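Descriptive structure summary
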Amino acid sequence: MTQPILEVKNLTKTFAGRGKNDLVAVDHVSFQLGAGETLGIVGESGSGKSTLVKAILRLLDVDFGEIFLNGQEITHLKGRKLREAYRQFQMVFQSPVSSFDPRRTLGDGIGESLRNSGKSKEETKRQVGELLTRCGLPAEYAKRYPHQVSGGQCQRAAIARALAISPKLLICDEATSALDVTVQQQIIELLGQLREGKGIAYLFICHNLALVQQFCHRVLVMKDGRIVEEGIPDEVIFHPKHRYTKELVEAIL
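All of the points below concern the structure found in this document. (Residues numbered from 1 in each chain as written. Predicted model: local features only at pLDDT ≥ 70, side-chain atom pairs only at ≥ 80, totals over all residues. Heavy atoms only, no water.)

So, about the pairing of strand 3 (residues 38-42). Most of strand 3 sits out of view: 5 of its 5 residues are buried. Inspection of the sheet shows strand 3 paired to strand 8 (residues 201-205) by 4 bridges, in the parallel sense. Paired with G40 across the bridge in strand 8 is F204. Judged from the 4 bridges that link them, strand 3 and strand 9 (residues 218-223) form a sheet pairing that is parallel. Within the sheet, the bridge partner assigned to G40 lies in strand 9 and is V219. (Buried < 20%, exposed > 50% of the residue type's maximum accessible area, 1.4 Å probe, protein only. Helix = DSSP H or I, 4+ residues; strand = E, 2+ residues; numbered from the N terminus. Pairing = 2+ DSSP bridges.)

Here we take up helix 3 (residues 106-116). Every buried residue of helix 3 is accounted for by L106, G107, G109, I110, G111 and L114. The inward-facing, buried residues of helix 3 abut helix 4 (121-134) and helix 5 (151-163). One or two residues past the end of helix 3 sits G118, with phi positive at roughly 100 degrees. (Contact = heavy atoms within 4.5 Å.)

With that out of the way, let us pick up unusual backbone geometry. Unlike most non-glycine residues, N10 shows phi in positive territory, near 50 degrees. Among the secondary structure elements, N10 is positioned in strand 1 (residues 6-15). N10 sits in the partly exposed class, given a relative accessible area of 35%.

This paragraph deals with the pattern of salt bridges. Scanning all chains against the criterion turns up 12 salt bridges. Residues D101 and R103 are paired through a salt bridge, measuring 3.1 Å at the closest nitrogen-oxygen approach. For D101, a relative accessible area of 26% puts it in the partly exposed group. On the accessibility criterion, R103 (69% relative accessible area) is exposed. The residue R126 makes a salt bridge to E130 at a minimum N-O spacing of 2.4 Å. Of this pair, R126 and E130 are both found in helix 4, 4 residues apart, which corresponds to roughly one turn of the helix. The network of salt bridges with shared partners includes E123, R126 and E130. (Salt bridge = Lys/Arg side-chain N within 4 Å of Asp/Glu carboxyl O.)

By themselves, these are just geometric observations and shouldn't be taken as functional.
As structure tokens, this is what we get:
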């Protein structure tokens, strides 16, 4: 069996609540994600999706469980070793405009990781242009500021930035929810092309079941910090087993 890009084992995160009752935000969650695979995670607000992502990104320490990235345990990594692990995955956020520094051009933001890795100014400029072109934008967009482009164009630039370090995994946290339907489809098509061409794996956090059905190979349904159902999107959507999944599906029909 091929080693998974991402493996999460029994991940648990609890926050202190009022009185004696603690809030279990992520409750013994386990899953694997293979190379070139797209795994969707769906659930209503408060289901634990965001906490799970923050734990995987190591923005939160977990109470219990393990996180493996390409076979390396990163659950408790810190400092230089954690920064090295971060080079294997990148994040694409819900709000592309706010993910860029408004005082810097898109090209500056995309090229930051290239400069940090020792690339010359000329080589960085060349690679930024190639990244923008690969993501469907003219190279001259490197000179524009975030407020000078549309939301869809800014998200393309954000994807270009994520690709700069050639990650094995992209975590997309509601990456299309702030875009209109037409632009959503364009971004999904772009992500699909990158998956086919680069073998990138995606962890796709989304509340839109139709997009998950179209784009993902598998889907996990979360409620109250737990995975209550998982499977192929068509099976989960058309033949849901858990009552909560049925309610999610009925809400979009």
